[in-house]
Amino acid sequence: MAFAGFYFQYCTSERIQTPEGLGFEGWAATHAKISNSMGLALMLLSCILCIVNWGLGAGIFGFLILVMTIGSLILLAAPLKLINRIFVLVALLGMLTFENLHF
């Protein structure tokens, strides 16, 4: 959710060329107010879930670390046109796999 929220915010920026990796970026750029609202709602929901999962202080801190990591990934990968459906699918499957591994 944090990835989607940050990516919606990134797509509405006027300083970048609209990326075309996932298919909805053109819509997000033309409907900036709706996209900003959706991005903020997704990031707020992600923050609330972090707080519920880890507690108030650790949840906010974890969310900030998550947003910094995801934001850095998007800011580095989007101009290189690396964010596409395959990249997102592999990343989500990798995260799901690592999250569910129990040693």
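Residues numbered from 1 in each chain as written. Predicted model: local features only at pLDDT ≥ 70, side-chain atom pairs only at ≥ 80, totals over all residues. Heavy atoms only, no water.

Novice: So what exactly am I meant to see when it comes to unusual backbone geometry here?
Specialist: Of all residues except glycine, most have a negative phi; of all peptide bonds, most are trans. Of note in this structure, Lys 81 is not a glycine but carries a positive phi near 60°. Note that Lys 81 resides in the loop between helix H4 (56-77) and helix H5 (85-100). (Helix = DSSP H or I, 4+ residues; strand = E, 2+ residues; numbered from the N terminus.)

Novice: Sorry, what's going on with helix H3 (residues 32-54) here?
Specialist: Taking 1.5 Å per residue as the helical rise, H3 with its 23 residues ought to reach 33 Å, and the 32 Å between its terminal C-alpha atoms agrees with that figure. Within the span of H3, buried status applies to Ser 35, Gly 39, Met 43, Ser 46, Cys 47 and Cys 50. Tucked into the core, H3 has its buried residues touching helix H1 (2-11), helix H2 (25-30) and H4. (Expected span 1.5 Å × (residues − 1). Buried < 20%, exposed > 50% of the residue type's maximum accessible area, 1.4 Å probe, protein only. Contact = heavy atoms within 4.5 Å.)

Novice: Even after reading the chapter, I still don't get the nonpolar core, so can you show me in this structure?
Specialist: Grouped burial of nonpolar side chains is what soluble globular proteins tend to show. Core analysis: the biggest nonpolar cluster contains 12 residues, these being Tyr 7, Phe 8, Tyr 10, Cys 11, Leu 22, Ala 28, Ile 70, Ile 74, Ala 77, Ala 78, Ile 83 and Val 88. Sort the elements by how many residues they give to this core and H1 lands first, with 4 residues. Not counting chain neighbours up to four residues away, the residues in contact with Leu 22 comprise Tyr 7, Ile 83, Asn 84, Arg 85 and Val 88. Met 43, Cys 47, Cys 50 and Val 67 belong to the second-largest nonpolar core, a separate cluster that totals 5 residues. (Core = buried A, V, L, I, M, F, W, Y, C linked by side-chain atoms within 4.5 Å.)

Novice: Sorry if this is basic, but what is going on with the packing of aromatic side chains here?
Specialist: How two aromatic rings sit relative to each other is given by the distance of their centres and the angle of their planes. As enumerated under the stated definition, the model contains 2 aromatic pairs in all. With a centroid separation of 5.9 Å and 5° between ring planes, the pair formed by Phe 3 and Tyr 7 is classed as stacked. One end of the pair, Phe 3, and the other, Tyr 7, are both in helix H1, 4 residues apart, so they sit about a helical turn from each other. Overall, the relative accessible area of 2% leaves Tyr 7 in the buried class. Judged by centre distance (6.2 Å) and plane angle (20°), the ring pair of Tyr 7 and Tyr 10 falls under stacked. In this pair, Tyr 7 and Tyr 10 both sit in helix H1, 3 residues apart, roughly one turn of the helix. Its relative accessible area of 11% is what places Tyr 10 among the buried residues. (Phe/Tyr/Trp six-rings, centres within 6.5 Å; stacked < 30°, edge-to-face > 60°.)

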